[in-house]
Amino acid sequence: MAKATAEAGVSAGASGRARRREKSTTELFTMMQVCREADMTYQTLKFYCNQGLVPNVKRDKNNRRVFDRHDVEWVKSLVCLKKCGMSIEEMREYLALCLQGKRSIPERKVMLAEKRARLIEQIAELEGSVDYIDWKQGFYDDVLAGRTEYVSNLLPSDEASA
């Protein structure tokens, strides 16, 4: 992973003592590194950046986007929000709320609660689909084992048994 060094001033105390400077390293990541870590395509990350969903994107000396650890974690959050069914517009709204700080937490909680409720509904729908497949597999097993007569909703009864 690419690293950049930044100068950081550290105060020696409030008593007027001299300030000392010490070097700290800020790890920066390329677009491809972020894509690998967030399990997303390069095109998607570029789109998110172009849509303003990744605030404070930095550029290296060659004008390529670079991301710090906070950016990477935010991008991973965007991936999750997308999987939760958030539209780009909803993600923009969520970002705007996040940028307001602590005071917007109640509004963010409402947004997330609504998404969670919809996910729970989708999970129930998927569980119903899995139950159907399990039942159908059992039916087919019984037909193949001779325990049940084959009946089709698509074929006339005389063609179904052929």
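Given the structure is predicted, the values throughout are model-derived calculations rather than measurements.

**Q** Could you clarify how one ought to interpret the side chain of Gln33 in this entry?
**A** Here Gln33 is to be found in helix H1 (residues 31-38). Among the residues examined, Gln33 registers a relative accessible area of 13% and is labelled buried. Engagement of the side chain of Gln33 in a polar contact is seen with the backbone nitrogen of Thr30, the distance being 2.7 Å.

**Q** Mind showing me how you'd approach the nonpolar core here?
**A** Inside soluble globular proteins, nonpolar side chains tend to come together where they are buried. The biggest cluster of nonpolar side chains holds 25 residues, and the ones touching the most others in it are Met40, Leu45, Tyr48, Phe67 and Met91. Ranked by the residues each element gives to this core, the list is headed by helix H3 (residues 69-83), at six residues. With residues near it in sequence (within four places) discarded, Phe67 still touches Glu27, Leu28, Phe29, Thr30, Met31, Val34, Leu45, Cys49, Val54, Val57 and Val72.

**Q** Quick question: what am I supposed to make of the packing of aromatic side chains here?
**A** Between two aromatic rings, the relevant description is the distance of the centres plus the angle of the planes. In total, this model carries six aromatic pairs according to the counting rule given. On the basis of an interplanar angle of 15° and a centroid distance of 5.9 Å, the ring pair of Trp135 and Phe139 is categorised as stacked. Placement of both Trp135 and Phe139 in helix H5 (residues 105-144) is noted, with a separation of four residues, approximately one turn of the helix. Assessed through its relative accessible area of 14%, Phe139 is described here as buried. The rings of Tyr132, Trp135, Phe139, Tyr140 and Tyr150 are connected pair by pair, giving a single aromatic cluster.

**Q** Would you mind going over the pattern of salt bridges with me for this structure?
**A** It is possible for side chains bearing opposite charge to pair when their charged atoms get close. Summed over all chains, the structure comprises 12 salt bridges. Between Lys76 and Glu73 there is a salt bridge, with its nearest N and O atoms 3.6 Å apart. One end of the pair, Lys76, and the other, Glu73, are both in helix H3, three residues apart, so they sit about a helical turn from each other. Residue classification places Lys76 among the partly exposed residues on the basis of a relative accessible area of 31%. On the accessibility criterion, Glu73 (37% relative accessible area) is partly exposed. A salt bridge links Glu89 to Arg92; the shortest N-O distance between them is 2.9 Å. Taken together, the residues span about one helical turn, with Glu89 and Arg92 both in helix H4 (residues 88-98) at a distance of three residues. Taking relative accessible area as the criterion, Arg92 reaches 28% and is therefore assigned partly exposed. Salt bridges sharing partners connect three or more residues here, namely Glu37, Arg69, Glu73 and Lys76.

**Q** Help me out: how do you make sense of the packing of H1 against helix H2 (residues 42-50) in this one?
**A** Each pair of packed helices gets described by two things: the angle between the helix axes and the distance between those axes. The geometry of H1 relative to H2 is characterised by a closest axis approach of 9 Å and an angle of 110° between their N-to-C directions. With respect to their mutual orientation, H1 and H2 come out roughly perpendicular. Facing H1, whose interface residues are Met31, Met32, Val34 and Cys35, H2 presents Tyr42, Leu45 and Lys46. Of the residues belonging to the contact of H1 with H2, the class tally is six nonpolar, no polar and one charged.

**Q** Looking at this structure, how should I read a nonpolar patch on the surface?
**A** A surface patch of nonpolar side chains, about 360 Å² in accessible area, is lined by Tyr132, Ile133 and Trp135. Along the chain, the position of Ile133 falls in helix H5. With relative accessibility at 47%, the residue Ile133 sits in the partly exposed group.

**Q** Hey, could you run me through unusual backbone geometry in this one?
**A** Leaving glycine out, the prevailing phi sign among residues is negative, and the prevailing peptide bond configuration is trans. Phi angles above zero are rare outside glycine, and Asp39 is one such case at about 55°. Mapped onto the fold, Asp39 is located in the loop between H1 and H2. Non-glycine residue Asn56 carries a positive phi angle of around 60°. By secondary structure assignment, the location of Asn56 is in the loop between H2 and strand E3 (58-59). Asn56 gets classed as exposed once you look at its relative accessible area, which sits at 62%.

What counts, and at which threshold
- All residue numbers refer to position in the chain's written sequence, counted from 1.
- Under the rules for a predicted model, residues below a pLDDT of 70 receive no local features and side-chain atom pairs below 80 are neither given nor counted, while totals for whole chains, interfaces and linings still include all residues.
- For the side-chain quantities, the full set of heavy atoms in the structure was used; hydrogens and water were omitted.
- What counts as a helix is a DSSP run of H or I of at least four residues, what counts as a strand is a run of E of at least two, and both are numbered from the N terminus.
- Under the scheme applied here, a residue whose accessible area is under 20% of the maximum for its type counts as buried, over 50% as exposed, and between as partly exposed, the area being computed with a 1.4 Å probe on protein chains only.
- Here a polar contact means two N or O atoms within 3.5 Å. Within protein one must be a hydrogen donor candidate and the other an acceptor candidate, and residues neighboring in sequence count only if both atoms are side-chain atoms.
- Put simply, a nonpolar core is a bunch of buried Ala, Val, Leu, Ile, Met, Phe, Trp, Tyr and Cys residues held in one set by side-chain atoms that sit within 4.5 Å of each other.
- The contact rule is simple, with two residues in contact once any of their heavy atoms fall within 4.5 Å.
- Note on ring pairs: Phe, Tyr and Trp rings are taken, using the six-membered ring of Trp, and paired if centres are within 6.5 Å. Classes follow the plane angle, with under 30 degrees stacked, over 60 edge-to-face and the rest tilted.
- Salt-bridge detection follows one rule: a side-chain nitrogen of Lys or Arg within 4 Å of a carboxyl oxygen of Asp or Glu.
- Fitting a line to C-alpha atoms yields each axis, with helices limited to the stretch in contact; the angle taken between N-to-C directions then spans 0 to 180 degrees.
- Angle categories are assigned with fixed cut-offs, so that under 35 degrees is roughly parallel, over 145 is roughly antiparallel, 65 to 115 is roughly perpendicular, and the rest are oblique.
- Throughout this entry, Asp, Glu, Lys and Arg are counted as charged residues, while Ala, Val, Leu, Ile, Met, Phe, Trp, Tyr, Cys and Pro are counted as nonpolar. The remaining residues, Gly among them, count as polar.
- For patches, a residue must show more than 30% relative accessible area and have no salt bridge; joins then use 9 Å for like charges and 5 Å for nonpolar side chains, namely Val, Leu, Ile, Met, Phe, Trp and Tyr.
- Note on areas: Shrake-Rupley with a 1.4 Å probe; residue coverage comes only from the protein chains shown.

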